[in-house]
Every structure is written in C-alpha cells, then in structure tokens.
Amino acid sequence: MRKKTMVELSHQILLSQINKSSILVDATLGNGYDSLFLAPLVKEIHAFDIQKEAIDTSKALLKDYSNIYYYLKSHVYVTDTVPNYDGVLFNLGYLPNSDKKIKTHYETTLQAIDKLHQKRQGFILVVAYPGHDEGLMEYVALQSYLDKKEISYEVHKLPHMTKKDAPVIFFWKYTS
Ligand code: SAM
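Here the residue numbers are simple positions, counted from 1 along each chain's written sequence. Restriction of local features to residues with pLDDT of at least 70 applies here, the model being predicted, together with a cutoff of 80 or more for giving and counting side-chain atom pairs; totals for whole chains, interfaces and linings are based on all residues. Heavy atoms from the whole structure form the basis of all side-chain values; hydrogens and water molecules are not counted.

- In the annotation of an unreviewed UniProt entry, the protein is listed under the name SAM-dependent methyltransferase and assigned to Acholeplasma oculi.

Next comes the structure, spelled out in structure tokens:
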C-alpha cells in the first residue's frame with residue numbers, strides 16, 4: 001500500500017477542523033495544491049504568496065473556484081488583511097519546480113506567527129521541513145517560540161519517516 005505523504009497528513013488534520021462556513025488563510029499559496037484541496041470544502045480562502053509566479057500558476061489551477069482571494073504579499077500581513085478567519089495554513093519552504101532561491105524565512109515566518117498569536121483566533125497548522133538549512137532554523141525557531149509562549153501544540157509526524165530531520169506538522173488552536 002502507498003504510504004501517506006506529509007501533505008496528505010496535513011489535509012487529514014485540516015479536514016477535522018473545517019466546514020462549509022470556514023474562512024481559511026493559505027499563508028504559503030505556492031502552486032496552489034493546498035487551496036485546491038480546500039476550496040470545495042470551505043466558504044473562502046485568502047491566499048498569500050510573495051511570488052507572482054506562484055499566484056499566476058495557482059490562479060490557473062484554481063480557475064473554477066470563485067471563493068479564493070489572492071494577495072501578492074507576505075504572510076506577515078495576514079492579520080492586517082484578513083480580520084476574521086477560522087484557520088491559517090503554512091506549508092513552509094520553496095515553490096516546488098522553482099529555482100529554490102525564494103523560500104520562507106524563519107524571521108518572517110515567526111513574525112507572521114507572532115501577529116497571529118496576538119489575535120488568538122482559530123487554528124494554525126504549520127508544515128515544517130527541518131531537512132534543509134533554512135527549514136531547520138524555522139523548525140527550531142518555531143518550536144522555541146511555542147514553548148516560550150507556553151502555547152499548547154500538537155506535533156504530527158509520519159510513522160515511516162523516522163529520520164531526525166523528517167518533516168513535522170505543528171498544530172494548535174485558540175479557544176477565544
Ligand atoms: N501550499 C503550496 C502548494 O500547495 O503548492 C506549497 C507552498 S511552498 C512549499 C512555499 C511558498 O511560500 C512558496 O511559493 C514561497 O514563494 C512562499 N513564501 C515564501 N515566503 C513567503 C512570505 N513571506 N509570505 C508568503 N509566502 C511566502
């Protein structure tokens with residue numbers, strides 16, 4: 001039997017949190033596959049990416065959906081742009097099939113998470129990839145941030161990915 005991927009695991013967790021009236025933020029739109037999974041299941045998606053290429057590719061992929069709002073800006077501005085949301089998804093790293101130069105960065109990732117934490121609204125799911133240098137910094141920085149703020153979070157890993165630097169999902173939820 002084919003083994004589950006990290007993206008599939010993240011979607012499974014998201015499924016348990018969403019319904020037809022959910023407003024979600026895709027904080028790292030990329031090629032749009034997470035939003036493609038979510039669009040038919042929720043009311044709205046507000047999708048952020050700093051690369052025009054990502055927005056253009058995703059708009060083509062998601063052309064059949066009218067419930068997606070696109071923002072060519074950093075996820076640092078999520079809370080300024082979308083006042084009410086039920087959940088935020090971060091899938092960290094670089095745009096697949098790109099030159100890998102532009103990727104999420106631990107300082108901006110934490111800045112965005114800190115602003116979301118100040119709002120204490122909905123759930124946050126972060127897929128982190130400690131297997132590459134910047135990803136390891138993000139992973140360490142995020143874990144120490146969550147511990148420092150005493151945020152109670154879940155960690156999800158795939159059972160067949162046993163290496164220390166295997167991808168990790170951080171999930172937590174604010175109960176207003
Ligand atoms: N969710 C995507 C999908 O389903 O295809 C994959 C996301 S990809 C791993 C990470 C994306 O984050 C890249 O497209 C990158 O341009 C974007 N990114 C990097 N820094 C960002 C930032 N500060 N704000 C928003 N997006 C950012």
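Continuing now.
## A short note on the environment of Ser10
Reasoning step 1: For Ser10, the position within the fold is in helix α1 (residues 6-15).
Reasoning step 2: Three labels apply to residues, based on accessible area from a 1.4 Å probe with only protein chains included: buried if under 20% of the type maximum, exposed if over 50%, partly exposed otherwise in between. A relative accessible area of 1% places Ser10 in the buried class.
Reasoning step 3: For the pair formed by Ser10 and Pro40, sequence separation is 30 residues and the distance between their alpha carbons is 17 Å. Numbering goes from the N terminus for both helices and strands, where a helix is a DSSP run of H or I of at least four residues and a strand is a run of E of at least two.

## Comments concerning the pattern of salt bridges
Reasoning step 1: The term salt bridge refers to a side-chain nitrogen of Lys or Arg lying within 4 Å of a carboxyl oxygen of Asp or Glu. By the definition in use, this model includes two salt bridges.
Reasoning step 2: The partner of Asp56 in a salt bridge is Lys52, and the shortest N-O contact between them spans 2.7 Å. Of the two residues, Asp56 and Lys52 are both situated in helix α3 (residues 52-61); the distance of four residues between them amounts to about one turn of the helix.
Reasoning step 3: You can call Lys52 exposed: its relative accessible area is 52%.

## Some details on the packing of aromatic side chains
Reasoning step 1: Note on ring pairs: Phe, Tyr and Trp rings are taken, using the six-membered ring of Trp, and paired if centres are within 6.5 Å. Classes follow the plane angle, with under 30 degrees stacked, over 60 edge-to-face and the rest tilted. Across all of its chains, the model carries four aromatic pairs by this definition.
Reasoning step 2: Each ring, one from Phe48 and one from Tyr71, has its centre 4.7 Å from the other, and the planes form 25°; the classification is stacked. Taken together, the residues Phe48 in strand β2 (residues 44-48) and Tyr71 in strand β3 (residues 68-71) connect sequence positions 23 residues apart.
Reasoning step 3: For Phe48, a relative accessible area of 0% puts it in the buried group.
Reasoning step 4: The exposure class of Tyr71 is buried, given its relative accessible area of 17%.

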